[in-house]
Amino acid sequence: MPALRSSPLLFQSLLLLALGLGAGLSVPLQTAQAAQTTEAVAAPARITYDFNPGWKLFIGDASGAANPAFDDASWKAVTLPRAWNEDEAFKKDIVDLSTGIAWYRKRFSLPAGAVSGKVFLEFEGVRQAAEVFVNGKSVALHENGVMAFGVDISAVVTAGENTIAVRTDNAWEYREKATNQRYQWSSNNFNANYGGIPKNIRLHLSGRLYQTLPLYSNLGTTGTYVYAQDFDVPGKAATITAESQVRNETTAASNVVYEVAITDLDGKKVATFSSPAQTIAAGQTAIVKANARVSKLNFWSWGYGYLYDVSTTLKVNGRAVDTVHTRTGFRKTEFANGMIKLNDRVLQMHGYAQRTSNEWPAVGMSVPPWLSDYSNRLMVESNGNLVRWMHVTPWKQDVESADRVGLIQAMPAGDSEADVEGRRWEQRVLLMRDAVIYNRNNPSILFYESGNKGVSEAHMREMKAIRDQYDPYGGRAAGSREMLNSQVAEYGGEMLYINKSARLPFWAMEYSRDEGLRKYWDNYTAPYHKDGDGPLHKGQDASIYNRNQDSHAIEDVQRWYDYWRERPGTGKRVSSGGVNIVFSDTNTHHRGAENYRRSGEVDAMRIPKDGFYAHQVIWDGWVDVEQPRIHIIGHWNYTPATTKPITVVSSADVVELFLNGKSLGKGEQSARFLFSFKDVNWQAGELRAVGYAADGKKLCETVLKTAGEPAALRLSVKSAPGGWRADGADLALVEVEVVDANGLRNPVALNLVDFKLDGPAEWRGGIAQGENNYILSPSLPVEGGVNRVLLRSTTRAGKIRLTATAAGLKSASLDITSTPVKVDAGLGLQLASAQLPSYLGRGPTPATASFKPSRLAMDIAKVTAGSNVDAAARSYDDDETTAWHSSSVPGEAWIAYELARPATLTEAVFKFTGWRERSYPIRISVDGKLVYEGLTPKSLGYVSLPLKPVQGRVVKVELTGMASDSDRAFAMQEVANQNNTDTGAKVVAKAALSIIEAEFYEALR
């Protein structure tokens, strides 16, 4: 776009063509200029501007602020996106975030001739509600606080200067004006309330024959839809279809040809095709469509964000009058047989249930696109493949970011914690409609989520109907949390526990909800936080919400093992995985000592905790482990005479630990990925862990080294790939480390660092444990030898110097130069996301199988029982909402399964009622021969019991005593909602046997 501005007459000519005015316009042009105009005919006809620059902000209700003549000289100059209460992010508890009225105003001018065409504003979202005024006239009211909306301002803009004013209201209790109904998702428990305009705005210019925008709210339009069908994954081919909603707001019919061009990441055009000519009458809205078979495609995949530019052009008499560019990718999906396939390869989901606010200290959610990529790519680098945004639809910036980094998304509409009726349900349906239309070209979205809890079958049908109407070919599953016996939903899964199915894919919506500060390594490291120490929460023990890093990481590994054990390849009924809550510490509800949630595998500044590296180990594969890894939990800087346990996370079969070259033996394995070494005496030097295969082959190794005493500070910076933009919104992320004389980070340093900032930049700071969490403080401590701060650019480019000092340490300085950003009359000429690259690090979807089958499930022919025999089939009906309960009468607590054929069983798998809180003493026999006897372990759902291999056909399961609830070590602690932890034990007598699902397995030969 800047190149166009270098030739004013060329720019004006191109704009007139874009507006559909060139054909009948009489403008005196010299020959050379006329040639330029002819050349410009083939250029893209649509113009999109960054509308973020040049705003003024006032916190409060300013009378008359909608009037263009209003004096806003004293208001604060800001660049959007900008929440007006951003200073409170992570400083205040979510319930204490400021709410109220705030005004945003801006003056802008359009290029010559623009007012003769169409002028639209695209708001990515406001919080909670906003009334939009242009030149004093009210042009839109948007109230749901989540979704994007469009505004047609063609009739109110002028050829000269224009004024836009936006009155926002972020009250938690805001009510829809037409109905007086609150929005259920405006809850002070979930997504932090960053008020005002915390998301981007764009301005679109087009002619009056144009492709509409995908903004149903206010505009009622659906835009362009690009999709692929008839995939040949090995042959890298598919049929690509593009269709656009077109409006003719001229006074005459137009004979339109719809032309599609597909361009790859290297700028190479891979396909061009078009539709036959179609007449669109004056005033008509029509759908135009074209498709073709396209080969040599690179399919979008996990960690492989391969995207294409699909340009759709309307041509009249061979001249382009409107072009829309859609950034999208192509991938094949399947949701069946309890499994999820991406590009024909089975994928078990593992990732994070992340707050949609996805916020950072002192800026909230309003970060530049490159920083969204940095954060979301970290999820992929931890070997996560799925982010389940929680409660409300993510903003477009995060959606597009996930496309680029190759991160699968589950997209909700809006919800709090329950199915609802009446207008509240209608609000959710309308939000889902708008979200589907707006995001249906984003390949990373694989799941549409109808509710944060289960919804009725009627409501599920309604949500599926929206998908089928607006995104019938996108390859996305419609479902919701729970939905375990739904005949309508296409996926489901509970919040805390593991579910299995041979029908729908089930994955856990949230698990491993514990919390812990990054500052706390373990019980042996300053500041010597004892694991679990902290206040009660709502009068209940909250020790699991005050963990140290080591126990937090161990908990992550232990909880995942239940899902991995029941992964695809382990039978007909399998688990499709689950998502951990949350990825980054978040300014939302919390249960521990701090006033924000610290469940993240990275902290609020995205500095990894040990759980991040643990996930890299346990999640490295589509299903089975593909890349053996190893990680030692903790550090190796202790005081003399320290003796402590060492835990190693590894996907190897055997782990050996070495201290300064001397073997400390092999670790005791638990939960498959955990290896423990008791009472290791600390010595300065090198602690090395080596992982081996069962046959002794070395697979992986890692080393911890003792760092020397703190000697100096070190600064390093992360910024946008194209440089730090002087646009008043871009951020630089600066890391400060305490290092020894050799430059090795000291992992136990807690030094207080003072920062001094010089040059055209704004200090936004970082976060640390302490008063007000050090938000916006120019001094803050490192934690574990490292911390980070944010600097915001101003609208003046130049050299910025950041200096860091700390008592007793060598200081450090960092010079950064911000680069100018071209803005013309309030219109930015390049979007901040325009040049961001895709991440392709994991490569295309492998052609090999993602798992090796490990056992063979046996079909059950019939069942008998000692009591309640009519319900006995419920114990193996592939429906976890049903169960068989025996009577409590002695001798009647048994059930017997006749297999479809004789088999030599090696395992029995059960989901017992009360699975996490109750153990049953049982005996299992095959054709009368004892194959197992013992107390069943507790789990997140399923237990696998090893059987003595005896060939037979009838498997009998008997209760041999009273069930036990006495061991509370594995009891779920959920102080927010005790109903979430209910596993049914309270309604089943201890003298009864109760089975939800039973499965029997034969070893594969």
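What counts, and where the lines are drawn
- Residues numbered from 1 in each chain as written.
- Predicted model: local features only at pLDDT ≥ 70, side-chain atom pairs only at ≥ 80, totals over all residues.
- Heavy atoms only, no water.
- Salt bridge = Lys/Arg side-chain N within 4 Å of Asp/Glu carboxyl O.
- Buried < 20%, exposed > 50% of the residue type's maximum accessible area, 1.4 Å probe, protein only.
- Helix = DSSP H or I, 4+ residues; strand = E, 2+ residues; numbered from the N terminus.
- Pairing = 2+ DSSP bridges.
- Axes fitted to C-alpha atoms, helices over the stretch in contact; angles between N-to-C directions.
- Lys, Arg positive; Asp, Glu negative; His and termini not counted.
- Contact = heavy atoms within 4.5 Å.
- Phe/Tyr/Trp six-rings, centres within 6.5 Å; stacked < 30°, edge-to-face > 60°.
- Lys NZ or Arg CZ within 6 Å of the ring centre and 35° of its normal.
- Parallel < 35°, antiparallel > 145°, perpendicular 65-115°, else oblique.
- Left-handed = near helix turned anticlockwise from the far one by under 90°.
- Nonpolar A, V, L, I, M, F, W, Y, C, P; charged D, E, K, R; others polar.
- Core = buried A, V, L, I, M, F, W, Y, C linked by side-chain atoms within 4.5 Å.
- Expected span 1.5 Å × (residues − 1).

J.: Now, about the pattern of salt bridges: what can you tell me, with residues and values included?
T.: If the charged atoms of two oppositely charged side chains come close together, the side chains can form a pair. Using the criterion set out here, one finds 74 salt bridges in the structure. Salt-bridge contacts for Arg 547 lead to Glu 555; the nearest nitrogen and oxygen are separated by 3.7 Å. Accessibility expressed as a relative area gives 14% for Arg 547, which makes it buried. With its nearest N and O atoms 3.0 Å apart, the salt bridge here joins Arg 559 to Glu 555. Placement of both Arg 559 and Glu 555 in helix 8 (residues 549-565) is noted, with a separation of four residues, approximately one turn of the helix.

J.: Got a sec to walk through helix 9 (residues 610-618)? Specific residues and values, please.
T.: Burial within helix 9 is extensive, with eight of its nine residues counted as buried. Buried residues of helix 9: Asp 610, Gly 611, Phe 612, Ala 614, His 615, Gln 616, Val 617 and Ile 618, and no others.

J.: Go over the sheet that holds strand 42 (residues 731-739), please, and point to the residues and values.
T.: Read from one edge to the other, the open sheet built from four strands follows the order 40-42-46-44, with strand pairing classed as antiparallel. The open sheet has two edge strands with one neighbour each: strand 40 (712-718) and strand 44 (761-765). Direction aside, the axes of adjacent strands within the sheet are offset by 30° on average. Note that strand 44 and strand 46 (residues 786-793) share four bridges and pair antiparallel.

J.: Report on the side chain of Glu 143, specifying residues and quantitative values.
T.: On the secondary structure map, Glu 143 appears in the loop between strand 8 (137-142) and strand 9 (149-152). Buried and unpaired, Glu 143 has no salt bridge, with Lys 177 as the nearest side chain of opposite charge at 5.4 Å. Setting aside residues up to four positions removed in sequence, Glu 143 forms contacts with Gln 128, Ala 129, Tyr 174, Arg 175, Glu 176, Lys 177 and Tyr 183.

J.: Tell me about the packing of aromatic side chains, and please be specific about residues and values.
T.: All chains considered together, the criterion is met by 39 aromatic pairs. Aromatic pair Tyr 225 and Tyr 227: ring centres 4.7 Å apart, planes at 45°, arrangement tilted. Taking relative accessible area as the criterion, Tyr 227 reaches 5% and is therefore assigned buried. Relative to Trp 915, the ring of Tyr 497 has its centre 5.1 Å away and its plane inclined at 90°; by these criteria the two rings are edge-to-face. Placement of Tyr 497 in the loop between strand 29 (477-479) and strand 30 (508-511) and of Trp 915 in the loop between strand 54 (894-912) and strand 55 (921-926) is noted, with a sequence separation of 418 residues between them. On the basis of relative accessibility, which here comes to 2%, the residue Tyr 497 falls in the buried class. Through a chain of ring-to-ring contacts, three or more aromatic side chains come together here, namely Tyr 352, Tyr 511, Trp 560, Tyr 563, Phe 583 and Trp 619. Arg 842 extends its terminal NZ or CZ atom over the ring of Trp 302, reaching a point 3.5 Å from the ring centre.

J.: An account of the sheet that holds strand 47 (residues 798-805) is requested, with residue identities and associated values reported.
T.: Across the sheet, five strands lie side by side as 41-48-47-43-45; this open sheet has mixed pairing. Lying at the two open borders of the sheet, with one neighbouring strand each, are strand 41 (724-725) and strand 45 (779-781).

J.: So what about the packing of helix 6 (residues 422-439) against helix 7 (residues 457-470)? Which residues, and what values?
T.: Here helix 6 crosses helix 7 at 25°, and the two axes come no closer than 10 Å. Considered as vectors, helix 6 and helix 7 are oriented roughly parallel to each other. The interaxial crossing formed by helix 6 with helix 7 has right-handed handedness. From helix 6, Trp 425, Arg 428, Val 429, Met 432, Arg 433, Val 436 and Ile 437 reach across to helix 7, where they touch His 459, Glu 462, Met 463, Ile 466 and Tyr 470. A breakdown of the residues in the contact of helix 6 with helix 7 according to their chemical character gives eight nonpolar, one polar and three charged.

J.: Help me get a handle on the packing of helix 4 (residues 369-381) against helix 5 (residues 396-405), residues and values and all.
T.: The contact between helix 4 and helix 5 brings their axes to 9 Å, and the two run at 55°. Between helix 4 and helix 5, the crossing angle belongs to the class labelled oblique. Seen from above, helix 4 lies across helix 5 with right-handed handedness. On helix 5, the residues that touch Pro 369, Ser 372, Asp 373, Asn 376, Arg 377 and Val 380 of helix 4 are Gln 397, Asp 398, Ser 401, Ala 402, Arg 404 and Val 405. Partitioning the contact of helix 4 with helix 5 into residue classes produces four nonpolar, four polar and four charged.

J.: Explain the pairing of strand 42 to me, and be specific about the residues and the numbers.
T.: Taking burial as the measure, the nine residues of strand 42 include nine buried ones, the bulk of the element. Of the two faces of strand 42, the one holding Leu 731, Leu 733, Glu 735, Glu 737 and Val 739 and the one holding Ala 732, Val 734, Val 736 and Val 738 are both buried throughout. Pairing of strand 40 with strand 42, which is carried by seven bridges, proceeds in the antiparallel orientation. Bridge pairing links Lys 718 to Leu 733 in strand 42. Pairing analysis gives seven bridges linking strand 42 to strand 46, with the strands arranged antiparallel. Note on strand 46: the bridge partner recorded for Val 736 is Asn 787.

J.: Summarise the nonpolar core; cite the residues concerned and give the values.
T.: In this structure, Trp 360, Leu 371, Ile 408, Phe 447, Trp 507 and Val 649 are the most contacted members of the largest nonpolar core, which totals 93 residues. With six residues, the single largest contributor to this core is helix 4. If sequence neighbours within four positions are ignored, Phe 447 has contacts with Phe 335, Ile 340, Met 349, Leu 386, Ile 408, Gln 409, Ala 410, Met 411, Ala 477, Tyr 491 and Trp 507. Counting 37 residues, the second largest nonpolar core, distinct from the first, contains Tyr 210, Leu 431, Tyr 438 and Ile 466.

J.: So what's going on with helix 4? Residues and values would help.
T.: In an α-helix, one turn spans 3.6 residues; hence positions three or four apart end up facing the same way. When the terminal C-alpha atoms of helix 4 are compared, their 18 Å separation across 13 residues agrees well with the 18 Å that a helix rising 1.5 Å per residue should span. With 11 of 13 residues buried, helix 4 is to be regarded as a mostly interior element. If you check which residues of helix 4 are buried, you get Pro 369, Trp 370, Leu 371, Ser 372, Asp 373, Tyr 374, Ser 375, Asn 376, Leu 378, Met 379 and Val 380.

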